[in-house]
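Structure assessment
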Amino acid sequence: MDGGEDGWQLSTFPQVETAASRLGRQEGIAAAGPRYFLPVEIAKKIGALEFDFEAGYYVAGHGPRERTLGFVVGRPVSARLELDAEIYDDRPYASAPHSTTLDLGGRYKLAQV
C-alpha cells in the first residue's frame, strides 16, 4: 500500500532462507533449512522525520521459531545525506540468545537521479 510521499506506506517481503552447510550445522552456527520469514513494514513521514516499524516472524520450517521487531527514525540533513537511528529486537523462542541493539548510521546518495 502506498499512500504517497507523506502518506502511510505498508509492505511485506516474504523471504526463504535456504539450508546451511553440514559443517555449519555441526559447528552450531547455522540451522538446517529452509526457514520462511514473513515481515511487515509500516512507514510514515511526519514533518522532517521518517518513521519505519517492522515486525516479522519465522514460520514453519527447520530451525527455531523467531520473531523480530525494529523501529527506525531518520532525517535528511542535506539533499544527499540522511541520518538514522534504529532499535532492533530479535527473539528466538526455544533457544538463546535474545538480542536488542541500537544502531546509528546514515545513507549517502552517490548520484542524484
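All values derive from a computational prediction rather than experimental measurement.

The calculated volume of the largest pocket comes to roughly 380 Å³. Along its surface, the largest pocket is lined by 17 residues, and Ala43, Glu50, Phe51, Asp52 and Arg107 are the ones closest to its centre. Contributions of two or more residues to the lining of the largest pocket are made by β1 (9-12), β3 (35-46), β4 (49-59), β5 (66-76) and β6 (81-92). The biggest single contributor to the lining of the largest pocket is β3, with four residues. In terms of residue class, the lining of the largest pocket is made up of four nonpolar, four polar and nine charged.

Assignment of secondary structure puts Phe71 in strand β5. Residues Phe71 and Pro39, spaced 32 residues apart in sequence, show a C-alpha to C-alpha distance of 13 Å. Those residues in contact with Phe71 that lie beyond four places of it in its chain are Phe51, Asp52, Phe53, Ala85, Glu86 and Ile87.

Each aromatic ring pair is summarised here by two numbers: the centre-to-centre distance and the angle between the ring planes. Across all of its chains, the model carries three aromatic pairs by this definition. On the basis of an interplanar angle of 35° and a centroid distance of 4.6 Å, the ring pair of Phe37 and Tyr58 is categorised as tilted. Placement of the pair is Phe37 in strand β3 and Tyr58 in strand β4, with a sequence separation of 21 residues. With a relative accessible area of 12%, Tyr58 lands in the buried category. One Lys or Arg, Arg35, reaches over the ring of Tyr58 and ends 3.7 Å from the middle of that ring. Its end group placed over the ring of Tyr93, Arg65 keeps NZ or CZ at 4.8 Å from the ring centre.

Another aspect to go through is the pairing of β4. As defined by bridge partners, β3 adjoins β4 across eleven bridges and the pair is classed as antiparallel. In the strand pairing of β4, Leu38 is matched with Tyr57. Between β3 and β4, which follow one another and run antiparallel, lie two residues, and Gly47 among them has a positive phi close to 65°. Here β4 pairs with β5 via nine bridges, running antiparallel. In the sheet register, Ala55 faces β5, and the bridge partner there is Leu69.

Calculation notes
Residues numbered from 1 in each chain as written. Predicted model: local features only at pLDDT ≥ 70, side-chain atom pairs only at ≥ 80, totals over all residues. Heavy atoms only, no water. 1 Å grid on protein atoms, 1.4 Å probe; cavity = no way out; pocket = protein on both sides within 12 Å on 5 of 7 lines; lining within 4 Å. Points joined across faces, edges and corners; volume = space filled by probe spheres on them. Helix = DSSP H or I, 4+ residues; strand = E, 2+ residues; numbered from the N terminus. Nonpolar A, V, L, I, M, F, W, Y, C, P; charged D, E, K, R; others polar. Contact = heavy atoms within 4.5 Å. Phe/Tyr/Trp six-rings, centres within 6.5 Å; stacked < 30°, edge-to-face > 60°. Buried < 20%, exposed > 50% of the residue type's maximum accessible area, 1.4 Å probe, protein only. Lys NZ or Arg CZ within 6 Å of the ring centre and 35° of its normal. Pairing = 2+ DSSP bridges.

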